[in-house]
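Letter by letter, the chains look like this.
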Amino acid sequence: PNGTVLLVTDPSGYAGQGGGAFDGDGNGGTQETFAIFAGDTWQITDALSLEAGGRYEWVSYDVTNLTLAGGVPVNGGGGTDGNPLTLWDNNVSTYGAATNTERSFDYFNYSLALNYRISEDFQVYGRYTQGRKAPDYGAIQGIDEPQEIANLFPEPQNILQLEVGLKYQTPDIQVSLYPFYSRL
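Residues numbered from 1 in each chain as written. Predicted model: local features only at pLDDT ≥ 70, side-chain atom pairs only at ≥ 80, totals over all residues. Heavy atoms only, no water.

## Let's talk about the overall build of the protein chain
Stated formally: Numbering of helices and strands runs from the N terminus; a helix is a DSSP stretch of H or I covering at least four residues, while a strand is a stretch of E covering at least two. The globule rule used here is 2.2 Å times the number of residues to the 0.38 power, and the radius of gyration it is set against is calculated over C-alpha atoms. Only protein chains enter the accessibility calculation, which uses a 1.4 Å probe; a residue is then buried when its area is under 20% of its type maximum, exposed when over 50%, and partly exposed in between. A contact between two residues is defined here by any heavy atoms of the two lying within 4.5 Å. To be clear on the numbers: accessible area is Shrake-Rupley with a 1.4 Å probe, and residue cover counts the displayed protein chains and nothing else. Here Asp and Glu are counted as negative and Lys and Arg as positive; His is not counted, and neither are the chain ends. For the purpose of locating charges, the reference atoms are NZ of Lys, CZ of Arg, CG of Asp and CD of Glu.
Looking only at helices and strands, one finds 2 helices and 7 strands in the protein chain. Reading the protein chain from its N end, one meets helices and strands in the order β-β-β-β-α-α-β-β-β. Expected size for 184 residues packed as a compact globule is a radius of gyration near 16 Å; at 29 Å, the protein chain overshoots this value by more than 25%. A principal-axis box enclosing the C-alpha atoms of the protein chain has dimensions of 90 × 45 × 25 Å. Put simply, the protein chain has 184 residues, and 21% of those count as buried. Counting contacts in the protein chain only where the partners sit at least 6 residues apart, residues at least 24 apart contribute 64% of the total. When the accessible surface of the protein chain is summed, it comes to about 12,000 Å², and 56% of that surface belongs to carbon and sulfur atoms. Averaging the positions of the 8 positive and the 22 negative side-chain charges in the protein chain gives two centres separated by 14 Å.

Pasting the structure below:
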């Protein structure tokens, strides 16, 4: 109203300094995975084989989040440049208390397949796979309030896959067809 110009952004177009959400200091942690796998193929007859594989997996997360507590004035409200009319640097976000979220998962995944050789050039097979997948790191990182830490326990994702395949191979040509079905 009196002709005072307020600068909302800095010369680069940013509207704040030390905003917390984008400065990379608000959270950190680890995700550790350990797994054991075993698999084998058994030749039942000259034409029929059975493949089996299993994987036992342990996944653990330890995440620390720093919650934003709000903004505090910098240099008495004049910002880093001492000018109260440049709004982009007048307040800096500060962090509140740290929260810690720990979650762990363990599960067994397996796959079974039958292969049948119809001729030297032609095979057919079927595969069944049952598995689980731990939640992504970001899902655990998002558990950052005390009531969530106490009550929110994401479940691993269940995965089912069915596959049937045809394989044809001669010295001159190789053709494969692998239709499959997945349910997540």
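## Describing the pairing of strand β6 (residues 174–177)
Quick note on the threshold: One bridge is not enough; two strands pair if DSSP finds at least two bridges between them.
Relative to β6, strand β5 (residues 157–169) runs antiparallel, the two being bridged by 4 bridges. Following the sheet pairing, tyrosine 168 is matched in β6 by valine 175. Connecting the antiparallel pair β5 and β6 is a turn made up of 4 residues.

## Here's the deal with the nonpolar core
Threshold: For this analysis, a nonpolar core means a set of buried residues of the types Ala, Val, Leu, Ile, Met, Phe, Trp, Tyr and Cys, connected via side-chain atoms within 4.5 Å.
Grouped together as the largest cluster of nonpolar side chains are 8 residues: Val59, Tyr61, Val63, Phe105, Tyr107, Ala134, Ile140 and Ile143. Taken together, the elements giving at least two residues each to this core come down to β2 (48–73) and β3 (91–117). With 3 residues, the single largest contributor to this core is β2. Residues contacting isoleucine 140, with those up to four places away along its chain left out, are Tyr61, Val63, Thr101, Arg103, Phe105, Pro135 and Pro154.

## Quick look at a nonpolar patch on the surface
Our working definition: Like charges are joined within 9 Å and nonpolar side chains (Val, Leu, Ile, Met, Phe, Trp, Tyr) within 5 Å, but only among residues with over 30% relative accessible area and no salt bridge; these make up the patches. In what follows, salt bridge is the name for a side-chain nitrogen of Lys or Arg lying within 4 Å of a carboxyl oxygen of Asp or Glu.
A cluster of nonpolar side chains, Phe108, Tyr110, Leu112, Tyr128, Leu162 and Tyr181, forms an exposed patch at the surface whose accessible area comes to about 540 Å². Among the elements that make up the nonpolar patch, the one with the highest residue count is β3 (3 residues). Residue placement: leucine 112 occurs in strand β3.

The analysis is restricted to geometry; functional conclusions fall outside its scope.
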